[in-house]
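Each chain is listed here by its residues.
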Amino acid sequence: MALFLKPEEFPSPDSRLALTVSYGETDRMGYAYYGHYPHWFERGRGHFIRERGMSYAEVEARGVWLPVRDLAVRYLRPAHYDDEVVVRTAVSAWGRASIAFAYQLYGPPEGSVLLAAGETLHACTAPSGRPMAVPDWLRALFTA
């Protein structure tokens, strides 16, 4: 998995989702707990899909499931309680029956500091769990 640590190398098209770190997402030191970053990536992925005119539920209703096969995160700087963070999301690679999403998480000031980078690799399966080729309509949706 290739983590995109330079903003200028991030894939396109992309989307950006702003979130505020809640008290419940922090540890005793006021840092965002590391286990929340993959959840923020998931929210960014859902936002990416919605911006293209479809929800994750609609993708599944069309018979395509995208279970996570692999996850990587590089933590660079901590997010803190009450920080506004921005999750940047894009498709980073296509396989015959898989899709990889890239993420960058930015924090203050004004979403200018890269806090973390990540990537998830998703199998493309039928509801039965059997692998299937990425449908053309899904590829077109994600590249628009």
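Figured I'd write up the structure that's included with this text. (Residues numbered from 1 in each chain as written. Predicted model: local features only at pLDDT ≥ 70, side-chain atom pairs only at ≥ 80, totals over all residues. Heavy atoms only, no water.)

A complete count under the given rule lists 11 aromatic pairs for this structure. Aromatic side chains phenylalanine 4 and phenylalanine 10 sit 6.1 Å apart centroid to centroid with 75 degrees between the ring planes, which places their arrangement in the edge-to-face category. Here phenylalanine 4 matches phenylalanine 10 in class, with each residue buried. Ring geometry for tyrosine 37 versus tyrosine 75: centroids 5.0 Å apart, planes at 85 degrees, classification edge-to-face. One end of the pair, tyrosine 37, is in helix H1 (residues 36-51); the other, tyrosine 75, is in strand S2 (residues 68-75), and 38 residues separate them in sequence. A relative accessible area of 2% means that tyrosine 37 is categorised as buried. Using a relative accessible area of 37% as the deciding quantity, one classes tyrosine 75 as partly exposed. Put simply, the rings of Tyr33, Tyr34, Tyr37, Trp40 and Tyr75 touch in pairs and so form one group of aromatic residues. The residue whose ring lies beneath arginine 62 is tryptophan 137, and the NZ or CZ to ring-centre distance is 4.2 Å. (Phe/Tyr/Trp six-rings, centres within 6.5 Å; stacked < 30°, edge-to-face > 60°. Buried < 20%, exposed > 50% of the residue type's maximum accessible area, 1.4 Å probe, protein only. Helix = DSSP H or I, 4+ residues; strand = E, 2+ residues; numbered from the N terminus. Lys NZ or Arg CZ within 6 Å of the ring centre and 35° of its normal.)

Ranked by internal contacts, the top residues of the largest apolar core, which has 28 residues, are Trp40, Ile99, Leu105, Leu138 and Phe142. Elements represented by at least two residues in this core include exactly strand S1 (14-20), H1, strand S3 (84-94), strand S4 (98-107), strand S5 (113-123) and helix H3 (136-143). Counting residues per element, this core draws most heavily on H1, at 5 residues. Not counting the four nearest positions on each side in its chain, phenylalanine 142 is found in contact with Pro13, Phe48, Ile49, Arg52, Val91, Trp94, Ile99 and Phe101. (Core = buried A, V, L, I, M, F, W, Y, C linked by side-chain atoms within 4.5 Å. Contact = heavy atoms within 4.5 Å.)

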